[in-house]
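Observations on the model geometry
What follows is the residue order along each chain.
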There are 2 protein chains.
Amino acid sequence: MILIKNATILTLLGDEVIYGGEILIQDSTIQYAGPPKSVYENVDMVIDASNHIAMPGFVNSHTHLAMTLMRGIADDIPLQKWLNDIIFPIEDKLTEEDVYFGTLLALIESIRTGTTTVSDFYMFPHVSAKALGESGLRGNIGVAYASKPLVSDKLILERAQEIFDKFNEMDNGRIIVSLAPHAPYTCSQNLLKETGVLARKLGAVIQIHLHETEKEVLDYKEHYGQTPIEYLDSVGFFDNKVIASHCVWVSENDLRILENRHVGVASNPQSNLKLGSGIPPIDKFLKHNLAVSIGTDGASSNNNLSVLEDMRLLSLIAKGVTRNPENISAPELLRIATLQGSLNLGFENVGRLKEGYKADIIIIDASKANMIPSTNPHSLVAYSMYPEDVDTVIVDGKILMKDRILLTIDEEFVKNKVKEKFIKISKLLNKNKKNSTLD
Amino acid sequence: MILIKNATILTLLGDEVIYGGEILIQDSTIQYAGPPKSVYENVDMVIDASNHIAMPGFVNSHTHLAMTLMRGIADDIPLQKWLNDIIFPIEDKLTEEDVYFGTLLALIESIRTGTTTVSDFYMFPHVSAKALGESGLRGNIGVAYASKPLVSDKLILERAQEIFDKFNEMDNGRIIVSLAPHAPYTCSQNLLKETGVLARKLGAVIQIHLHETEKEVLDYKEHYGQTPIEYLDSVGFFDNKVIASHCVWVSENDLRILENRHVGVASNPQSNLKLGSGIPPIDKFLKHNLAVSIGTDGASSNNNLSVLEDMRLLSLIAKGVTRNPENISAPELLRIATLQGSLNLGFENVGRLKEGYKADIIIIDASKANMIPSTNPHSLVAYSMYPEDVDTVIVDGKILMKDRILLTIDEEFVKNKVKEKFIKISKLLNKNKKNSTLD
C-alpha cells in the first residue's frame, strides 16, 4: 500500500479541495482519499506531499505517439502539404523499431508533463502496445487504417480485429484497443460502415479524425451530398462509443448529431491553430453539452505533448472568442482534461480521486514561484503551473516518476536511440527536398 | 571574462544558427559570438553549453510585477468587475514592503522562465527600482499614474519627474524609467497631453494601456468624437517613444496612426483572451508592420509570467485566425519576443548575440525529451520547449541563474514573505466579499 500524506487534494468531484489530505492506494485502486484519518497498517511507502497538489493525471485523448520522430521537421506550412510532401513519404520508410523508440520518447515526455493516460493512433499498434505496456501508462491504442488499393475492406478489418483480440484489456485493463479508421477522406464509405458493424460486434471504441479542415467537409458534401458526420450517423456508426478528434468545421446539424449520439470530441486547439485549420468552436461544443476532452495531436504538428498547454488554450479560446471570461471555470477545465478524457477513451473509474477509482495520480510542486500565493489550487493548475511542475506520477497504483526521476523507462537510452533514428529520417527528408526541387 | 562553449547559438540575426559555437563576454558586453575561435586569455569562467541552445533572453514588454501578490484571487470574471471589485480595493491597502516582495517574486519567476528584461507598471516605482536593481534583471520601470481628484496634473507630473531624475539610467543603464499614464479612461486629456510634453523634455519612454476593451473605445468616441489613439495623435503624444499595451480594438485609421508614428505595441494575448477582452488582431499588426512585442500582463490576469507562453499563443493566433500557417516563422517569432521587446522598451543593443550587444543570454537545456530530435533549434524554442527548460540566465554580463540555481535573490525568503503578505490580502478579500454581500 502507498500512502500520500499532507497533500492539497483536488478530487475533481466538483470544486472540492481537501487541505492536508491523505490518499491510500491498494494495488491499482484508491482505497481512501480525504482528510487525515488514522494510523494505517501495511503501508509499504509513504509519500510526503507537503506543499504539493495531488490530482488525477492529465489525459491525452488524441495523439500520434511516434510522431515525436518528426518533431519540428516541417513547420509553418498547411496541413495537406505537410502530410503529402513531408510526413507521408517519411512514414512510408519507418520501421517497427523506429516507431517503438519514437513511442517511448513520447511516453517519457507524457509522464514528465503529468499525463497518465494516452491515446495512440499510428502504424504498428503491437509496437505501441509493447512500449505502453513497459512504460506503465494507461492507454487506448487505435489500430489505424485507411482504404488501400488492392486490399479489401474485409482484410483490413480482419487484421484490425486480430490486434484487438490480442491486446485489448491487456495488463489488468490498463491498455485497451480501439478501431481507428483514419478519416472520411481516406476511408471508403463502405469501410467506415463496416467499421461500425465490427465495433458493435467487438464492443470496441472507435477513434476517428472528423471535420478537421473546412475543405475536407466541403469536398465531401459536394461529392456525397452530406457531411461526413451526417453520413456516419445515417449508417449507425455512432451506435458505438466513438471519439472524434478535431470537429473544427461543424454545422448546427453536425453538432446536434454529436450531441444526440453522445460522440466524444477530442479537441486539439494547438494543432488546429498551428496548421491553420481554424479555431475550434469550443463555445458551441459547450452549448451543445458535448463530451469535450483534450488532445495534443502529434508532436510534429503541435510540437509538444503537454496536455496542460492545450487545456489552457482551450479555456482561453472559450473565453476570448465569446468575450465571456466566465466560460469554463477552473475546476470544470480540469475535469475536461482528466475525467472526460478517460471516459471518451473508454476507461471507467479513472479521473477522480475517490474510493474505488483507479490510482492515476499526479503530485504537483506547489512551492515554485509561479504557484505562490497558493490562493486557489484549481486556478493554479489551470492558469499558473508550468508543464514540468509535476514531481510524481502514479498510474494504476504504480509509481512511474518520483521526484522527476523516471522509474519505468531508461530515458537516456531512448533519447540516444531516437537521435540515431533521426539521422535516417534527415536523409530521407533531404532526398525528398531534392526530388521536389527537381520536379 | 565568461566563455560559453559548445553551444547551439541562435544569434537572432535572421535565421542564423551556429553549431558548437562560442560566446565571449567581457564586462556587460558580448565580445564575440561565432564558431570556435582559438584560445582565450583571462577567462574567469567557462560554461560548457553542450546539448544546450544559447539565445538572447525573453523580454516581457508589459507587466505589473507586484501583482503576483494577487495571483489567482479572482479568475473568470470580466475586466472592469475584476478591477473595481477586487483589485483596486486591495491595491489601496498595499504597503511598500508588500510591493517589494511581490516584485521580487515576479523577478524570480521571470528569471526561472528565461526573461532577461522586464517592464514594470505599478505603484511605488522606487521600490521596483530597488528590487530590480538587486535582482540583476534589465528593466523599464513605468512611473504609473492616473488623474486624481484634488491633485493637479502638474503635481502628478512633478512627482513622476522626480522618480525619473533619481532612477533613470541606473546601474550602467540597466534600469530606465518611463512615464506611465494608466489609460485614456483614467487620465484626463490634459494629463495625457502634458505627459507628452514632459516626455519630450526628458527624452523619456512612455508606457500606456490603449484600446484594451471595446467598451473603453466606444465610450471615448461617444464622449470625445474620436478614439483615444486619434486624440493622442492629435496632441503630439506619439512624437515620443511610446509603447502601447493591448491595442485589441483598433480601427484601420488607428492602425495607420500606430504605423506612421512608430508606436510599439506590447501584445498580451493570454490576458486579453482570459479576461474576455477579445482576440488581439495580430495579423493586422503584421500587415501594418507594427513593432509588436510580447507582454504577459500581471500575474493576476494571466496567471503566470512566462513570455514563452504568450509568444507561442501570439503565433497560434496569427496562424489560426487567418488560417494561414505560414504567418510568422519561428525565427521571426523569437525576434518579436526578444529584440523587438527591448527596442520597444527603449534599450539599444539588446536582443541579439553579436559583438557589441549587451550580454543578455539564456542557455536552454536541449537534451530534454520534448527537445528531441534536435532538428531545428528555432522551432524547438518556438513550439516545443517548456518555460522551465532554461538552465542559465545572464544579464548585462552577470550570471543570475546557473543550472536552475538563483544567484542574486534569496528565493525561499521571498516566497515565505509573500505567503505572509498574502494572509493580509486574504483578510481584505474576505472583508470585501462580506461587504458586497451586505450591499
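Residues numbered from 1 in each chain as written. Chains lettered and ligands numbered in written order. Predicted model: local features only at pLDDT ≥ 70, side-chain atom pairs only at ≥ 80, totals over all residues. Heavy atoms only, no water.

Points about the packing of aromatic side chains
The geometry of an aromatic ring pair is captured by two quantities: the separation of the ring centres and the angle between the planes. Counted by the stated rule, this structure contains 8 aromatic pairs over all chains. Between A:F237 and A:F238, the ring centres sit 5.8 Å apart and the planes meet at 85°, which makes this aromatic pair edge-to-face. Classification of A:F237 by relative accessible area gives buried; the value is 0%. Ring geometry for B:Y220 against B:Y224: centres 4.6 Å apart, planes inclined by 45°, an arrangement best described as tilted. Of this pair, B:Y220 and B:Y224 both sit in helix α7 (residues 214-224), 4 residues apart, roughly one helical turn. On the basis of relative accessibility, which here comes to 5%, the residue B:Y220 falls in the buried class. For B:Y224, a relative accessible area of 39% gives the class partly exposed. One aromatic cluster is present, formed by A:Y100, A:F101 and A:F413 through successive ring pairs. Lying across the ring of A:F347, A:R138 places its NZ or CZ 5.7 Å from the centre. Just above the ring of B:Y383 sits the side chain of A:K274; from NZ or CZ to the centre is 4.5 Å. (Phe/Tyr/Trp six-rings, centres within 6.5 Å; stacked < 30°, edge-to-face > 60°. Buried < 20%, exposed > 50% of the residue type's maximum accessible area, 1.4 Å probe, protein only. Helix = DSSP H or I, 4+ residues; strand = E, 2+ residues; numbered from the N terminus. Lys NZ or Arg CZ within 6 Å of the ring centre and 35° of its normal.)

Quick notes on the relation of the copies chain A and chain B
The two copies are related by a screw motion: chain A maps onto chain B through a turn of 180° and a shift of 0.0 Å along the axis, at an RMSD of 0.0 Å. The superposition operator between the copies reduces to a two-fold rotation axis. Looking at chain A, 100% of its interface residues are interface residues in chain B too, so the copies touch through the same face. (Least-squares fit on C-alpha atoms with pLDDT ≥ 70 in both. Contact = heavy atoms within 4.5 Å.)

Topic: the domain arrangement of chain A
All names here are of chain A. The domain boundaries assigned to chain A delineate domain 1 (2-56 + 352-406) and domain 2 (58-345). Here domain 1 and domain 2 have C-alpha centroids that lie 28 Å from each other. If you look at the interface, domain 1 gives 32 residues, while domain 2 gives 31 residues. Roughly 2400 Å² of surface becomes buried between domain 1 and domain 2 when both sides are summed, with 64% attributable to carbon and sulfur atoms. Ranking the residues of domain 1 by area buried against domain 2 places Y383, P387 and L406 at the top, with a combined share of 23%. At the boundary of domain 1 with domain 2, the tally comes to 2 salt bridges. R138 is the salt-bridge partner of D360, the closest N and O atoms lying 2.7 Å from each other. Summed over the shared surface of domain 1 and domain 2, the number is 7 residue pairs in polar contact (both at pLDDT 80 or more). (Domains from an automatic or database assignment. Buried area = accessible area lost by both parts, 1.4 Å probe. Salt bridge = Lys/Arg side-chain N within 4 Å of Asp/Glu carboxyl O. Polar contact = N/O pair within 3.5 Å; in protein donor to acceptor, adjacent residues only side chain to side chain.)

Notes on empty space enclosed by the protein
Under the criterion given, the structure shown has 3 cavities of 30 Å³ or more. Taken as a whole, the largest cavity spans an internal volume of roughly 150 Å³. With 5 residues, helix α12 (residues 307-322) of chain B is the largest single contributor of residues to the lining of the largest cavity. Here the lining of the largest cavity is built from residues that sort into 5 nonpolar, 2 polar and 4 charged. For the second largest cavity, the calculated volume is near 80 Å³. At the level of secondary structure, the elements contributing two or more residues to the lining of the second largest cavity comprise α12 (307-322) of chain A together with α12 of chain B. (1 Å grid on protein atoms, 1.4 Å probe; cavity = no way out; pocket = protein on both sides within 12 Å on 5 of 7 lines; lining within 4 Å. Points joined across faces, edges and corners; volume = space filled by probe spheres on them. Nonpolar A, V, L, I, M, F, W, Y, C, P; charged D, E, K, R; others polar.)

Here's the deal with the packing of helix α4 (residues 153-167) of chain B against helix α6 (residues 189-202) of chain B
Residue and element names in this part refer to chain B. At a closest axis distance of 10 Å, the pairing of α4 and α6 adopts a crossing angle of 30°. As the angle between them shows, α4 and α6 are arranged roughly parallel. In terms of crossing hand, the pair formed by α4 and α6 is right-handed. Along the contact surface, α4 presents D153, I156, L157, Q161, F164 and D165, while α6 presents N190, L191, E194, T195, L198, K201 and L202. A per-class count over the contact of α4 with α6 returns 6 nonpolar, 3 polar and 4 charged. (Axes fitted to C-alpha atoms, helices over the stretch in contact; angles between N-to-C directions. Parallel < 35°, antiparallel > 145°, perpendicular 65-115°, else oblique. Left-handed = near helix turned anticlockwise from the far one by under 90°.)

Concerning the interface of chain A and chain B
Taken together, the contact pairs 65 residues of chain A with 65 residues of chain B. With both chains or domains summed, chain A and chain B bury close to 5000 Å², and 60% of this area falls on carbon and sulfur atoms. B:R312 is paired through a salt bridge with A:E309; the nearest N and O atoms lie 2.6 Å apart. Counting across the interface, chain A meets chain B through 34 residue pairs in polar contact (both at pLDDT 80 or more). Of all the secondary structure elements, the ones that give two or more residues to the side of chain A that touches chain B are α2 (96-112), α10 (269-274), α12, α15 (377-384) and α16 (411-438) of chain A. Of the residues forming the side of chain A that touches chain B, the biggest block, 7 residues, is contributed by α12(A). Looking at side-chain class alone, the side of chain A that touches chain B contains 27 nonpolar, 21 polar and 17 charged residues.

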